[in-house]
Amino acid sequence: MSAPRAAAARRVTVGAACLLVLASGGVARADDNGIADDSPQAIAQASREAMAGVTSMRMVGKVTNTSGTTALDLRFDEQGNCVGTVTPPGGTGSADIVKRGDDVWMKLDDALLRAQAPGPAGEDAVALINGRYLHGTTDSVQLRDFAQLCDLDFFKKEFSSKPPSEQLVKGARTTVDGRPAITVTSRRDGRTGTYQVSTEDEPYLLRVQGTDASGERVAATFSAFDEPVKATPPAPSDSVDLTQLR
């Protein structure tokens with residue numbers, strides 16, 4: 001996968017994180033955590049604190065710009081485990097990712113391999129890789145951008161920071177995948193964002209949608225907070241080391 005497309009995949013997460021102006025949590029009650037009655041600033045602060053404390057989560061997102069739409073579905077934790085799928089713009093194929101610590105495995109399906117290298121080169125790549133994962137480390141140039149997609153610590157830092165000059169307005173109650181939430185909208189520096197924060201248990205951020213000054217659109221949902229991430233590496237016979245392809 002080319003560097004520009006890998007960078008686009010990362011932007012869906014970075015964009016969502018940078019647009020995040022929310023915060024987390026006051027006093028948690030059994031079900032209703034009470035934040036729906038708070039000011040938008042208090043809701044934002046509550047959500048930031050809750051998201052900064054998560055040990056794992058699932059993120060499903062899309063970013064749409066002039067290159068098309070990049071989609072991802074990732075689960076990651078603070079131990080460096082990660083598993084998921086990234087679909088580059090154009091919807092031609094997808095890449096599966098598994099990460100354990102500093103080791104990264106990435107599997108591009110045949111359709112994506114052919115899209116990245118049309119013609120005989122693509123067929124050669126399909127035959128060479130033969131349905132296996134590419135294996136490298138977080139330092140591998142070919143896998144570095146994908147490894148950064150799985151960095152929970154990066155998002156926790158973004159979640160815990162408060163953007164300057166934010167204008168927040170509280171909206172209506174809603175639900176996100178069946179979970180009750182309160183809406184907060186934001187506007188700053190040419191960016192607009194809509195956020196839904198859970199109104200039960202911990203005030204986690206459940207969904208973010210935003211647009212920046214360039215017109216790039218970001219949407220992401222968050223779930224499976226603090227649940228185990230089962231990132232099982234492929235068998236040695238199902239992977240090929242990147243150093244063998246040079």
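The shown structure was predicted, so the numbers you read here are calculated from the model rather than taken from an experiment. (Residues numbered from 1 in each chain as written. Predicted model: local features only at pLDDT ≥ 70, side-chain atom pairs only at ≥ 80, totals over all residues. Heavy atoms only, no water.)

Draft legend 1. Spatial organisation of the nonpolar core. Residues Met51, Met57, Phe76, Met106, Phe222 and Phe225 are the most contacted members of the largest nonpolar core, which totals 49 residues. Counting residues per element, this core draws most heavily on helix H2 (residues 40-52), which supplies five residues. Contact partners of Phe76, with chain neighbours within four places excluded, come to Ser56, Met57, Met59, Asn81, Cys82, Leu149, Cys150, Leu152, Phe155 and Val229. (Core = buried A, V, L, I, M, F, W, Y, C linked by side-chain atoms within 4.5 Å. Buried < 20%, exposed > 50% of the residue type's maximum accessible area, 1.4 Å probe, protein only. Helix = DSSP H or I, 4+ residues; strand = E, 2+ residues; numbered from the N terminus. Contact = heavy atoms within 4.5 Å.)

Draft legend 2. Representation of H2. An ideal rise of 1.5 Å per residue puts 18 Å on 13 residues; H2 measures up with 18 Å between its terminal C-alpha atoms. Taken together, the buried positions of H2 are occupied by Pro40, Ile43, Ala44, Ala46, Ser47, Arg48, Ala50 and Met51. (Expected span 1.5 Å × (residues − 1).)

Draft legend 3. Seen up close, the environment of Leu113. On the secondary structure map, Leu113 appears in helix H3 (residues 110-116). Excluding its chain neighbours within four sequence positions, the residues that come into contact with Leu113 are Leu108, Gly122, Ala125, Val126 and Ile129.

Draft legend 4. Region of the structure containing the pattern of salt bridges. A complete count under the given rule lists four salt bridges for this structure. Close ionic contact of Arg188 with Asp189 constitutes a salt bridge, the shortest N to O distance being 3.5 Å. Exposure remark for Asp189: the relative accessible area of 60% places this residue in the exposed category. (Salt bridge = Lys/Arg side-chain N within 4 Å of Asp/Glu carboxyl O.)

Draft legend 5. Main features of the pairing of strand E1 (residues 56-65). Sheet analysis places E1 next to strand E2 (residues 68-77), joined by ten bridges and oriented antiparallel. Within E2, the position partnered with Met59 by the bridge is Leu74. Linking two consecutive strands that pair antiparallel, namely E1 and E2, is a turn of two residues. Bridging between E1 and strand E11 (residues 217-223) involves seven bridges; their strand directions are antiparallel. Among the inter-strand pairings, Arg58 is bridged to a residue of E11, identified as Ser223. (Pairing = 2+ DSSP bridges.)

Remember, this is a structural readout, not a statement about activity or role.
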